[in-house]
Amino acid sequence: MIQIFQLYVFILAGFVGFIIIQRVPPLLHTPLMSATNAISGISLVGAIVAAGGQYGKISTILGFVAVVCAATNVTAGFLITDRMLAMFKGQAKKAEPAKPEPAK
Amino acid sequence: MIQIFQLYVFILAGFVGFIIIQRVPPLLHTPLMSATNAISGISLVGAIVAAGGQYGKISTILGFVAVVCAATNVTAGFLITDRMLAMFKGQAKKAEPAKPEPAK
Amino acid sequence: MRIAVPRERAPRESRVALVPESVAKLVKSGATVAVETDAGLAAGFPDAQYASAGATIIPDTNALLTGADLICQVQPPSAAQAAQLPDGCALVSYWQPGGTPEALTALAGRNVRMLALERVPRITRAQSMDVLSSQATVSGYKAVLLGASALPKMLPMLTTAAGTLAPAKVFIIGAGVAGLQAIATARRLGAVVSAFDVRPAAMEQIQSLGATALKLELGGGAEGTGGYAKEQGEAQARLTQEGIAKHIAGVDLVVTTAAIPGRRAPILITEAAVRGMKTGSVIVDLAAETGGNCEFTKAGETVDVNGVQVIGPLGLPSTAAFHASQMLSRNILTFVTHITKETALNIDAADEITGAMLVQP
Amino acid sequence: MRIAVPRERAPRESRVALVPESVAKLVKSGATVAVETDAGLAAGFPDAQYASAGATIIPDTNALLTGADLICQVQPPSAAQAAQLPDGCALVSYWQPGGTPEALTALAGRNVRMLALERVPRITRAQSMDVLSSQATVSGYKAVLLGASALPKMLPMLTTAAGTLAPAKVFIIGAGVAGLQAIATARRLGAVVSAFDVRPAAMEQIQSLGATALKLELGGGAEGTGGYAKEQGEAQARLTQEGIAKHIAGVDLVVTTAAIPGRRAPILITEAAVRGMKTGSVIVDLAAETGGNCEFTKAGETVDVNGVQVIGPLGLPSTAAFHASQMLSRNILTFVTHITKETALNIDAADEITGAMLVQP
Amino acid sequence: MNELGTRDLIIQASYLAASVLFVLGLRSLTRPAQARLGMQQAALGMLFAVIGTLLNANILTYQWIIIGLVVGAIIGYPMAMKVQMTQMPQFIAFSHAFGAIAATLVGVVEYRVRAAGSGAEGLTHGLAAALGLEVLFGALTVTGSFMAFGKLHELITGRPITFKGQNAVNLTMMAVAFGALGMLIYNPANGAAFYTVLGLAFLLGISMVLPIGGGDMPVVISLLNSYAGLAASATGFAIGNNVLIIAGALEGAGGFILSLMMSKAMNRSFGNIIFGAFGAPPAASTGAKGEAKEPKSITPEDAAVQLAYAGSVVIVPGYGMAVAQAQHVCRELMELIEKKGGEVKYAIHPVAGRMPGHLNVILSEAGIDYGALLTDVDDANRVLATADVAIIIGANDIVNPDAEDDKSSPLYGMPIFRPWTAKVVFVIKRGKGTGFSGVENPLFTKDNTLMLYGDAKGV
Amino acid sequence: MNELGTRDLIIQASYLAASVLFVLGLRSLTRPAQARLGMQQAALGMLFAVIGTLLNANILTYQWIIIGLVVGAIIGYPMAMKVQMTQMPQFIAFSHAFGAIAATLVGVVEYRVRAAGSGAEGLTHGLAAALGLEVLFGALTVTGSFMAFGKLHELITGRPITFKGQNAVNLTMMAVAFGALGMLIYNPANGAAFYTVLGLAFLLGISMVLPIGGGDMPVVISLLNSYAGLAASATGFAIGNNVLIIAGALEGAGGFILSLMMSKAMNRSFGNIIFGAFGAPPAASTGAKGEAKEPKSITPEDAAVQLAYAGSVVIVPGYGMAVAQAQHVCRELMELIEKKGGEVKYAIHPVAGRMPGHLNVILSEAGIDYGALLTDVDDANRVLATADVAIIIGANDIVNPDAEDDKSSPLYGMPIFRPWTAKVVFVIKRGKGTGFSGVENPLFTKDNTLMLYGDAKGV
Ligand SMILES: NC(=O)c1ccc[n+]([C@@H]2O[C@H](COP(=O)([O-])OP(=O)(O)OC[C@H]3O[C@@H](n4cnc5c(N)ncnc54)[C@H](OP(=O)(O)O)[C@@H]3O)[C@@H](O)[C@H]2O)c1
Ligand SMILES: NC(=O)c1ccc[n+]([C@@H]2O[C@H](COP(=O)([O-])OP(=O)(O)OC[C@H]3O[C@@H](n4cnc5c(N)ncnc54)[C@H](OP(=O)(O)O)[C@@H]3O)[C@@H](O)[C@H]2O)c1
Ligand SMILES: NC(=O)c1ccc[n+]([C@@H]2O[C@H](COP(=O)([O-])OP(=O)(O)OC[C@H]3O[C@@H](n4cnc5c(N)ncnc54)[C@H](O)[C@@H]3O)[C@@H](O)[C@H]2O)c1
Ligand SMILES: NC(=O)c1ccc[n+]([C@@H]2O[C@H](COP(=O)([O-])OP(=O)(O)OC[C@H]3O[C@@H](n4cnc5c(N)ncnc54)[C@H](O)[C@@H]3O)[C@@H](O)[C@H]2O)c1
């Protein structure tokens, strides 16, 4: 049963990703790329399990390397994204994307 | 564990519903209302289980009524939706919603 | 019913009362139309077109008028012409300006019912017979062309390798039919346009053409009945003059169109105001016919005051005789249709429109 | 350096070579400027403005010219004026039309270097000195106003209670500077505009102003050097004439601007073409000065051919003397700056621009 | 990995397929051109779900199920096919009530079965919570939907029914219901608590809808949709069925957001509709048929969508367009429509505006081609008669039918445009002002006329 | 109902929170104004996920984990803070490679552990499939990302590297990799198959990116993002972790659709970029720095969004605008910008167009106020120097810096506009045509200049 549920979760999450990303304006494509990269650092979770599991020396070493790499990815990913988005900050006040039919 | 997964499924599906419905143009609000109504006929699934389970007479009767009601809902719901949407058919060729920035 | 269209004889008049298109419609509705030779020539409608519209071309005036039930012309009849008309006929033409008491007596003598075009009431139903509106349209347009031609400047802004030319400033006084058309024309040519009118409703109308409305603090509205303006009080008038004087000191071209029905046009631009203008400025006074809105205006002449030209044009519609005739003819056609009943003339003095137009001696 | 600006004496010339604004700039750059009394009056620049710009106003022509290093004027010098000039000075003005061999001899006699404004080469750098362009701008604009005033129609389409007036059809021949400006002006007034030019590049330029380009099948391009047109071959010319004749039969107003530098203007509208036009149509021939594009054109006159008016205007820029002078003056100012080096005149015959403008006897 | 039996695999696969088809179907509604196909997919999804369920090993007898399905189809089919388009909203409500009955009944059966211990598993706290929520939302939806149907079908008055202390009563009922729910969860075997929840939910459904006006019913129906969705989800949790959870969650979230969007489109706050329905009834709105002959209004967004699907559009500009200097905006509109393959013409009335040729000037300023103008009244009326949409921008007198119909009108005798011969008419003006002549315009209350109030620049 | 321990509950709650935060964070990217806050939420989500994991009962030693986290942070921080904005794309690729290494290593560890039987469960077929896919996608991403980084950072030539039979080689490798994967699933204990998959995936990563030009790298990076997401999801399946599944699925779907959108925005087909990268290198694109001094191009959508956030905009129209008759479109653009609070000015050059005052005519046709015009070259240059965006519409010679810099240019000495002093410059023209004077314009290759090819009507 668990696998079935996992499949549901996977498919639904894929849907969510699909629909959301489709609506990201081109201006934010680069930050988005960076953001998905940051989130892909989620392998850190796997890495932690591997590194902390004490499955033997090699596994621990590999796990350790994995933790380092994943942590690097997470740190760099989120920071880069944040820096990029900070550039929009000053303009953020003007807010709200373009509407096709202005109602002035 | 199962409940956790169910919760995930519920939350993710809710997200999907939320995001999708938000983008439905006002023109289609009425068909949409009808469509969600049709889908709410999904209780048919529960009704079938209840009616077929042979949990005793009362349960079976209640289940039977439930099946009738749900089947009515499903049939009417989908047919009404279809009729409404058929009205857009003639215009469907012209397709595609407005783009804010024309690129001719 | 026999309709006669004589050739206009007044100087500066190039219009014709009915153009071939209207003639054809009248003929189709059962009337007989006789047109004097070369009646439409000056307006750009040669006899051949009338002939093919179904009219008879008659060179002799007497022959033309004989047996006519209705005579359509532009200018009012002279006493001499009036005496010539067939007994009991009807005449559709302008009566003012130009109609004389003698002519009226002569008309009465021949039992001719005179229907004055300029008296069409300004009600919604009669809009398509309203010659004042249709001819004022031409005047407003032509006045700006006249002014723009006389002006030593170009109206539009132009950025060129030889510097940027500032757009000319044009000021229109009186935002009636002519005034609004003048605003539109000056705007088309790229000028920066402002305008003034005493009627409060005119403000919005001025802005609806993209011009700025000059606001003078005067107090009290000035809209009379039928869309006409009523006369201003003494104090108001002075305030208006002063406000205008101040404004036109910076203006290149002024077109005035202010009129009050049945009276001398109000003086809006004083001597001092003209002297306060820049050399090379131009004033076109469309009210010249009724005395002018400017103290210097001489009807039919151009006066140079210290380098400011004051032009008092007469008969502007005739300078665009083709289109002016076309509209006039449409107005007359609609009116003729209004006063005909089954191909016969039916002049009903009790009718709201016809009654208002009948000139009683 | 002393610069003198005489009053123009030619008939129909109301422009002035330098306007107060330019004078002020020259004075600021270290030159002395003397202006003859009333030199700018006709263009709308009174002496007072010159005085406050730093010029000396001199009533006497002789006194004005004495000691002048550079004389700026619009019209070419007559032989008499040439003989009056101070020895060794330089003169900036138009040379053609109007410059005579006698005057040239007289200039040579006084050692005067004549710099002809109309010879500014058409290179990008010299655009701001290009008087042909700046004055043609005025001509193109005024030509349409002239035509529109003469036309018995209104240019724009108007839907009124008295019927819908069709917009007038305007046709521009020659899409050079004047022609393009004419297109723009007619379009502004609401006319339906078409245009024709032999240069293929002009097609796109015509369309860039929202007009339609008339396409005639002729074969072979016609762009010479410097943006000027070259003369057409015999057969091509005939085809052009025929194509134009066919097109203008349905046109209300024609403005012709076609010119080939240094030659008589090509005849593009033949007698037959004019006779094929509607009564009331108007032709404004801007090439009148160099012979006209229409066979009937008489420079400075209006000819009536069967109800078609052929207008051959002369000196159009002078009719908008204020703006025309302003641009001319800017052109001259730029050129004067080009030929001055540290407040002294420095006429370098080897310079691409100056060299081209020097009139050699 | 605990491998599943083939049958289970098929069941799960069809559930998965159903879920995906539901999502895709709803998604298709964001694009009108694909909506119909999408909903047919959703129907297919429903079929998968049913088939999957029928394969369920727990089902011992098919007899009643088959009969039930057939009977349901027999009731549903004519209901759906006969109802008129204008009655759609109430029949959605009606059909909806049926679905809710089913959900409620399932909840009751399940509770009975589990409480009796005859089911596969006993009653846990979680299960009790799920079932309690199921009947709460289910029952509320049943009576609420019937009420909405009644109001729309005018069995009950469409006007809000209010009485003093209504809010207090509602709040008390709600509190009690939640209290009972709490008790149920605390002690799953507490049957009294379960039925209290059920009963109160029925009452709540009625009392919630009572004070809401007929015009606001579509918002209510949407909200009830949302509740029904939550009920379905709860069922899913209770019987461990993903399809139910997913479809329910889709509906729950979708219905809720839809009701928000609808109330926004009606320019009313959601809270206002649901709770504050006291005082004056709403003036007019989409589904309302109550008030006689008030002009119908519409929002720019709705108009924009309708325009996007119009093939031929005639714009009738008047003085108001000049006042608003809306010519450029109007041109943009034209370009948008033309890009979609529609055709736009402008009908210029001889006396539109305040001077001869006023609108010619204005439109030529916007660079609109002479070719797009209809300047002859008869021509224009011919084109209007076949147009999909007529847009009246700041015009009034020139489209006043009184000029033809009412001899006493000052406009009588003036030739006018007949925009009402087009399929739909939009009128854009600032408010209920009259034109130059100062007379009222009966056009604005015609059935196919929709008012779009605002400055003429506002589309 | 199998109740969970408190610790498990906390873990699951933090995972759930992390999942929701990820979704919300990504969603915030659809609204530029909230994007930053949203991504900070996502970072918080990551924190939750890590904390949740650290609570995992299976973790016996924290020492290496802590050290690893600290080391990672120490490496990542300067990397992120020092990199220049223009180098973003390559550093995203670089950082991405690290994530992929982690995923791959986890896969290897997990396989080793499970194969050795020392883990909680043994190797099922499903687990083998999950782990196989994990290392396949993971390893592919590692080398692919490094390649992309190298190309963008110009360690490797940005030009596509192709050789004959490349496709055949790639396809063969792919086939073998999938074959090995199949064997692995069939026999989970087949370590050789597992490592074959791993090795081939490394090779595939290289060979896939080799033939793709530097300009197309952003598309590739996105696609690799997608693969990394799938790897993460596979990990999630393998170790039964929802957060991994959700984050991975979000990324997998998102990255894929993003790469599709990007290739569409570059007007190239996706397939073309990924498979057909033979022949000529792509002209130019957003992140590419490869080709020396090729003008950078941009899509109308990107330009539109950048404009939406510009405070002051100067439009420099030239002859091309007249040719395209784009004045009305230009006015719309102006209105859009002004509605957002931006200010628009038009800089009219003395010799813009083909006749004196050409652009005055054109702009007055569109009803643009004289007040919005800058007609003095010096004034205009002052305004340009402080402008956020300069838009050159169909102008060329009048903005050619050669007129100031290059004595030999025919334009030398003409006063010109200096749009490059504005923060960003958009140039809208049909192609690489020259202006009236026929000379090249070095403006177009300046660093802050972005070309928008197309008819001038196209924004
Ligand atoms: N053409 C001529 O020569 C001429 C001359 C004089 C008189 N007239 C008369 O003028 C009338 C012309 O008819 P029409 O239909 O063009 O105009 P109208 O009947 O005067 O109607 C104009 C409408 O526009 C609306 N409006 C005003 N400003 C607006 C804005 N900024 N935005 C949106 N709507 C606005 C007004 O309603 P709200 O206030 O509700 O917005 C008004 O009802 C006729 O009665 C004609 O007889 C014509
Ligand atoms: N103002 C005057 O009086 C006058 C008179 C004669 C000559 N000139 C000369 O004309 C030039 C004026 O400079 P300018 O910058 O205005 O124009 P320009 O230098 O001629 O450049 C026009 C640019 O517009 C582009 N273009 C053409 N059609 C287009 C379309 N439909 N959509 C988008 N882009 C289009 C062309 O590039 P693509 O082909 O790549 O699209 C071209 O590079 C100066 O050299 C001046 O000396 C001026
Ligand atoms: N209802 C209809 O059918 C109809 C028909 C035609 C005209 N009208 C309206 O009638 C009005 C006047 O038409 P007209 O042009 O024939 O009027 P007109 O020629 O009599 O006067 C011209 C304008 O001068 C203005 N004026 C008068 N005294 C002034 C002063 N002291 N200072 C400034 N301005 C002064 C008047 O207000 C008027 O606008 C217009 O608004 C027109 O729209 C209505
Ligand atoms: N590069 C520069 O700096 C610069 C400066 C000024 C003008 N120019 C260009 O030079 C060109 C001509 O300028 P102009 O107006 O002084 O020219 P012009 O007055 O000599 O001629 C006017 C027009 O008539 C046309 N023409 C000649 N023979 C014709 C015929 N048989 N039929 C039809 N048309 C005929 C010409 O092609 C020209 O367009 C323009 O395109 C202008 O843009 C360039």
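All figures in this text were calculated on a predicted structure; none of them were measured in a lab.

Explain the overall build of chain E to me, using residue names and the numbers behind them.
Within chain E, the secondary structure is distributed over 16 helices and 7 strands. Residues classed as buried in chain E amount to 59% of the 459 residues present. Contacts spanning at least 24 positions in sequence make up 74% of the contacts within chain E whose residues lie at least 6 apart.

So, the overall build of chain C: which residues are in play, and what are the values?
Per the secondary structure count, chain C includes 13 helices and 17 strands. A buried classification covers 57% of the 361 residues belonging to chain C. Across chain C, contacts joining residues at least 24 apart in sequence account for 63% of those joining residues at least 6 apart. In the structure as shown, chain C presents an accessible area of about 13,000 Å², 52% of it carried by carbon and sulfur atoms.

Before we move on, can you summarise the interface of chain E and chain B with the specific residues and values?
Opposite the 98 residues of chain E that make contact, chain B presents 84 residues. In total, about 8,200 Å² of surface goes out of reach between chain E and chain B, with carbon and sulfur atoms giving 79% of it. Taken together, the links from chain E to chain B amount to 1 salt bridge. Salt-bridge contacts for R36(E) lead to D82(B); the nearest nitrogen and oxygen are separated by 3.0 Å. Our enumeration of links across chain E and chain B arrives at 10 residue pairs in polar contact (both at pLDDT 80 or more). The set of elements that each furnish at least two residues to the side of chain E that touches chain B consists of α1 (6-28), α2 (35-54), α3 (63-82), α4 (88-115), α8 (217-239), α9 (242-265), α11 (300-308) and α13 (327-339) of chain E. Considering every element that reaches the side of chain E that touches chain B, the biggest residue donor is α4(E), with 16 residues. Of the residues that constitute the side of chain E that touches chain B, the class distribution is 65 nonpolar, 23 polar and 10 charged.

Explain the site of ligand 4 residue by residue, including any values.
Neighbouring ligand 4 are 25 residues, the closest being R122(D), Q127(D), V177(D), D197(D) and R199(D). At the site occupied by ligand 4, nearby residues are drawn from chains D and F. Contact between ligand 4 and D197(D): an oxygen atom at 2.5 Å from a side-chain N or O atom of the residue. In this structure, an oxygen atom belonging to ligand 4 sits 2.7 Å away from a side-chain N or O atom of R199(D). Out of a free accessible area of 840 Å², ligand 4 has 92% covered by protein chains. Looking at the shell around ligand 4 residue by residue, the class counts come to 13 nonpolar, 7 polar and 5 charged.

Which residues make up the sheet that holds strand β15 (residues 308-311) of chain D, and what values go with them?
Residue and element names in this part refer to chain D. Reading across the sheet, the 7 strands line up as β11-β10-β9-β12-β13-β15-β14 and stay open at both edges, with mixed pairing between neighbours. The open sheet has two edge strands with one neighbour each: β11 (212-213) and β14 (302-305). Here 4 bridges tie strand β9 (residues 169-173) to strand β12 (residues 253-256), and the two strands are oriented parallel to one another. Its bridge partner being in β12, F171 is matched across the sheet by V254.

Give me the lowdown on the interface of chain F and chain E, citing residues and values where you can.
Note on interface size: it is often stated as the accessible area lost on association of the parts. Contacts between chain F and chain E engage 10 residues on the former and 10 residues on the latter. Carbon and sulfur atoms make up 51% of the area that chain F and chain E hide from each other, which totals about 940 Å². For the side of chain F that touches chain E, the leading source of residues is helix α13 (residues 327-339) of chain F, giving 4 residues.

If you had to explain the packing of helix α1 (residues 2-22) of chain A against helix α1 (residues 2-22) of chain B to someone new, which residues and values would you point to?
In the contact formed by α1(A) and α1(B), the axes pass within 9 Å of each other and the chain directions differ by 20°. Between α1(A) and α1(B), the interaxial angle falls into the category roughly parallel. In the packing of α1(A) onto α1(B), the handedness of the crossing is left-handed. Facing I2(A), F5(A), Q6(A), Y8(A), V9(A), L12(A), A13(A), F15(A), V16(A), I19(A) and I20(A) of α1(A), the residues of α1(B) in contact are I2(B), F5(B), Q6(B), Y8(B), V9(B), L12(B), A13(B), F15(B), V16(B), I19(B) and I20(B). Counted by class, the contact of α1(A) with α1(B) contains 20 nonpolar, 2 polar and no charged residues.

I'd like a description of the pattern of salt bridges, backed by residues and values.
Residue and element names in this part refer to chain C. Following the criterion strictly, the structure yields 27 salt bridges over all chains and no others. In this structure, the salt-bridge partner of R125 is E352, at a minimum N-O distance of 2.9 Å. Of this pair, R125 sits in the loop between β6 (113-116) and α6 (131-150) while E352 is found in helix α13 (residues 352-357), placing the two residues 227 residues apart along the sequence. The class of E352 is partly exposed, set by a relative accessible area of 46%.

Account for the pairing of β9(D), with residues named and values stated.
Residue and element names in this part refer to chain D. For β9, a buried count of 4 out of 5 residues is recorded, marking the element as mostly surrounded by other parts of the structure. When β9 meets strand β10 (residues 192-196), the two strands line up parallel, connected through 5 bridges. Counted as the bridge partner of V170 is V193 from β10. As for the winding sense of the linkage, the β-α-β connection from β9 through helix α7 (residues 177-188) to β10 is right-handed.

Can you tell me about the environment of A139(F), naming the residues and giving the values?
All names here are of chain F. Along the chain, A139 falls in helix α5 (residues 125-152). A139 gets classed as buried once you look at its relative accessible area, which sits at 0%. Separated by 38 residues in the primary sequence, A139 and I101 have C-alpha atoms spaced 7.0 Å apart. Residue contacts for A139: discarding those within four places in its chain leaves T104, L198, A201 and F202.

Could you give an account of the confidence of the model for chain E, with specific residues and numbers?
Detailed reading of the predicted coordinates is not advisable wherever pLDDT falls low. Mean pLDDT for chain E: 77, with 80% of residues reaching 70 or above. Both scores are available for the predicted complex, with the pTM at 0.69 and the ipTM at 0.63.

Provide a residue-level description of the packing of aromatic side chains, including the pertinent values.
Going through the model one piece at a time under the given rule, you end up with 24 aromatic pairs over all chains. Between the aromatic rings of F10(B) and F237(E), the centroid separation amounts to 5.9 Å while the plane-to-plane angle is 65°, which identifies the pairing as edge-to-face. Taken together, the residues span two chains, with F10(B) in helix α1 and F237(E) in helix α8. When its relative accessible area of 24% is taken as the criterion, F10(B) is described as partly exposed. Of the residues examined, F237(E) reaches a relative accessible area of 22% and is grouped as partly exposed. With a centroid separation of 5.6 Å and 75° between ring planes, the pair formed by F91(F) and F149(F) is classed as edge-to-face.

Could you give an account of the relation of the copies chain F and chain E, with specific residues and numbers?
Between the two copies, chain F and chain E, the superposition gives an RMSD of 1.0 Å; the rotation angle is 180° and the shift along the axis is 0.4 Å. Both copies are brought into coincidence by an operation consistent with a two-fold rotation axis. Of all interface residues in chain F, 100% are interface residues in chain E too; the two copies therefore contact each other through one and the same surface.

Can you lay out helix α4 (residues 88-115) of chain F for me, pointing to particular residues and giving the numbers?
In this model, α4(F) (28 residues) spans 40 Å end to end at C-alpha, consistent with the 40 Å of a helix rising 1.5 Å per residue. Of all 28 residues in α4(F), 26 are buried; the element is thus mostly enclosed.

Would you mind going over the sheet that holds strand β12 (residues 253-256) of chain C in detail, with residue names and values included?
All names here are of chain C. Reading across the sheet, the 7 strands line up as β11-β10-β9-β12-β13-β15-β14 and stay open at both edges, with mixed pairing between neighbours. With partners counted over all chains shown, the strands left at the sheet margins are β11 (212-213) and β14 (302-305), one partner each. Sheet contacts for helix α9 (residues 234-248): β9 (169-173), β10 (192-196) and β12; angle to β9, the most-contacted strand, approximately 165°.

How would you explain the side chain of T81(B) if you had to name every residue and give the values?
One can find T81(B) in helix α4 (residues 57-89). Looking at T81(B), its side chain comes within polar contact range of the main-chain oxygen of G77(B), at 2.6 Å. Excluding residues that lie within four positions of it along the chain, T81(B) makes contacts with P31(B), S34(B), A35(B), A38(B) and M39(E).

Pulling in residues and values, what's your account of the nonpolar core?
With 239 residues, the main nonpolar core has I42(A) and I42(B) as its most contacted residues. Apart from the residues lying within four places of it in its own chain, the contact partners of I42(B) are F22(E), M46(E), A49(E), A232(E), V243(E), L244(E) and A247(E). With 198 residues, the next largest nonpolar core counts L151(C), A352(F), I392(F) and F426(F) among its residues.

An account of the packing of α13(E) against α13(F) is requested, with residue identities and associated values reported.
Geometrically, a packed helix pair is captured by the angle between its two axes and the distance between the axes. For the pair α13(E) and α13(F), the least separation of the axes is 10 Å and the interaxial angle reads 110°. Overall, the two elements α13(E) and α13(F) adopt an arrangement that is roughly perpendicular. Two secondary-structure elements touch here, α13(E) through H328(E), R331(E), E332(E) and E335(E) and α13(F) through H328(F), R331(F), E332(F) and E335(F). Classifying every residue of the contact of α13(E) with α13(F) gives no nonpolar, 2 polar and 6 charged.

Cut-off values and rules
Residues numbered from 1 in each chain as written. Chains lettered and ligands numbered in written order. Predicted model: local features only at pLDDT ≥ 70, side-chain atom pairs only at ≥ 80, totals over all residues. Heavy atoms only, no water. Helix = DSSP H or I, 4+ residues; strand = E, 2+ residues; numbered from the N terminus. Buried < 20%, exposed > 50% of the residue type's maximum accessible area, 1.4 Å probe, protein only. Contact = heavy atoms within 4.5 Å. Areas by Shrake-Rupley, 256 points an atom, 1.4 Å probe, with all protein chains shown as cover. Buried area = accessible area lost by both parts, 1.4 Å probe. Salt bridge = Lys/Arg side-chain N within 4 Å of Asp/Glu carboxyl O. Polar contact = N/O pair within 3.5 Å; in protein donor to acceptor, adjacent residues only side chain to side chain. Nonpolar A, V, L, I, M, F, W, Y, C, P; charged D, E, K, R; others polar. Near = heavy atom within 4 Å. Pairing = 2+ DSSP bridges. Axes fitted to C-alpha atoms, helices over the stretch in contact; angles between N-to-C directions. Parallel < 35°, antiparallel > 145°, perpendicular 65-115°, else oblique. Left-handed = near helix turned anticlockwise from the far one by under 90°. Right-handed = clockwise from strand over helix to strand, strands pointing away. pLDDT = per-residue confidence, 0-100. Phe/Tyr/Trp six-rings, centres within 6.5 Å; stacked < 30°, edge-to-face > 60°. Least-squares fit on C-alpha atoms with pLDDT ≥ 70 in both. Expected span 1.5 Å × (residues − 1). Core = buried A, V, L, I, M, F, W, Y, C linked by side-chain atoms within 4.5 Å.

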